[in-house]
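Topology and contacts: notes
So the chains spell out like this:
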Amino acid sequence: MGRTLRLGVIGAGSIAEYVHFPSIKSMPDVELEVICDVNEERARNAALKWGAKRWYVNYEHMFRKEKGKLDAVIIASPNAYHRDQALAAADSGVHVIVEKPISCTNREAWEIVDACRRSGIKLMVGCNYRFWIPNELAKELIDAEVIGKPVMGRSALHEGWNLYPESVAFSRFRFDPTQAGAGALFDLGSHKVDLLMWLLGSKPKRVVGKAERLATPESKSKLDDAVIILIEFENGSIAAITLDRFSPVVTEVNEIYGTEGTICTSTESGGPFRSVPLAVYTHKDYTWENCPEILKKYRWPVFFWAEDIISKPMPKRWVSIVPPREWSYTRMLNHFVECLREDKEPRISGEDGAWVMEVLCGVIKSMKTGCWIELPIKEEVTPSGYTPIREYSS
């Protein structure tokens, strides 16, 4: 696939306007072919602004008219529509990036995975956290066993309604259970579960948690705004996640604890307790000759310029790493295009997205049972207030 790639975008809301459209525009040999949005004015204006050749208000009509004219589509619509739109893309033989969360139920997620597998198309979930350079470097160091065996993780994302949902988003679908499915649990939890699965290198085995509305007036939203999740993974590691939608300032952190060290990242916000985007401590006995290159680049001397060269092993201490802030969404799209051109599997597979939904739906089920939930869940778990649309069938 060496020719120019033709992309479509379903959903011309804020995530498309601020990240997907600019990312497509910045890439050589990639064209924005079509835009689809149920809001006709928004679809038309986005097409004019970003240079799309055509625009639509109905995704099924778009796929019929564009048969053979699209290589891939980004689904950036509200969560409730992901399942139908992804199945339509699969039936049309169009590769897919689905914004997170991949769906609103565990069954819907696996339906998307199965449909794309049957059609032989590539499916990736839009969890951009894996493409921030600090997280990529953390994964590289973990896989190189710089912190020994990773056995515990913690991840937190506390970001009030007043931030993205109210200050950036074009619509209020994130407040609506019929379109979002859940609140902080789905919107923020999909990022954090995926990142911990990747960094710890394992599928989840079982989960317990709680997702409640503790601070948000019911008149504003009936969805959860406070979440805590505990996960046990197949490789024996464990993790904790906390999320909220009431904090007026963002707090975001990811920590991986190994038998011989610790890695911490933070890419969404700074603050006095998160002064750098990546920090590493290793208890291993490295010399200057065998120390991982990324650590050598950022180990500035404390007392004497030659201290790391003459000390064997090198002194053990935290290393603060501040890599370039390259836009994660653009790097994610570049990766997906590379997968299409070179016939490689995307970093975030549809199966990864489905396992994330197993965890998130497992939290909902655990609140009803008061017990740990074994994964995968045998039955479909549907969030309160959400009714699956399922208007499209293959």
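This one's a predicted model, so the numbers in the text were calculated from it and none came from an experiment. (Residues numbered from 1 in each chain as written. Predicted model: local features only at pLDDT ≥ 70, side-chain atom pairs only at ≥ 80, totals over all residues. Heavy atoms only, no water.)

It is worth spelling out the pattern of salt bridges at this point. Tallying each qualifying case throughout the model produces 43 salt bridges. Linking R83 and E111 is a salt bridge whose minimum nitrogen-to-oxygen distance equals 3.0 Å. One end of the pair, R83, is in helix α4 (residues 82–91); the other, E111, is in helix α5 (residues 106–119), and 28 residues separate them in sequence. Relative accessible area serves as the criterion here: at 8%, R83 is assigned to the buried category. Residue E111 is classed as buried on the basis of its relative accessible area, which comes to 18%. (Salt bridge = Lys/Arg side-chain N within 4 Å of Asp/Glu carboxyl O. Helix = DSSP H or I, 4+ residues; strand = E, 2+ residues; numbered from the N terminus. Buried < 20%, exposed > 50% of the residue type's maximum accessible area, 1.4 Å probe, protein only.)

Strand pairing within a sheet occurs via backbone hydrogen bonds; the two strands may be parallel or antiparallel. The strand order across the open sheet built from six strands is β3-β2-β1-β4-β5-β6, with neighbouring strands paired in parallel fashion. Every interior strand has two partners, whereas the edge strands, β3 (54–56) and β6 (123–126), have only one. In this sheet, adjacent strand axes meet at a mean angle of 25 degrees when their direction is disregarded. Examined bridge by bridge, strand β5 (residues 95–99) and β6 share four bridges and lie parallel to one another. (Pairing = 2+ DSSP bridges. Axes fitted to C-alpha atoms, helices over the stretch in contact; angles between N-to-C directions.)

Let's shift gears to the state of the cysteines. Every disulfide links exactly two cysteines, by a covalent bond between their sulfur atoms. Counted by the stated rule, this structure contains zero disulfides. With no disulfide of its own, C291 lies closest to C264 among cysteine sulfurs, the gap being 18 Å. (Disulfide = S-S within 2.5 Å.)

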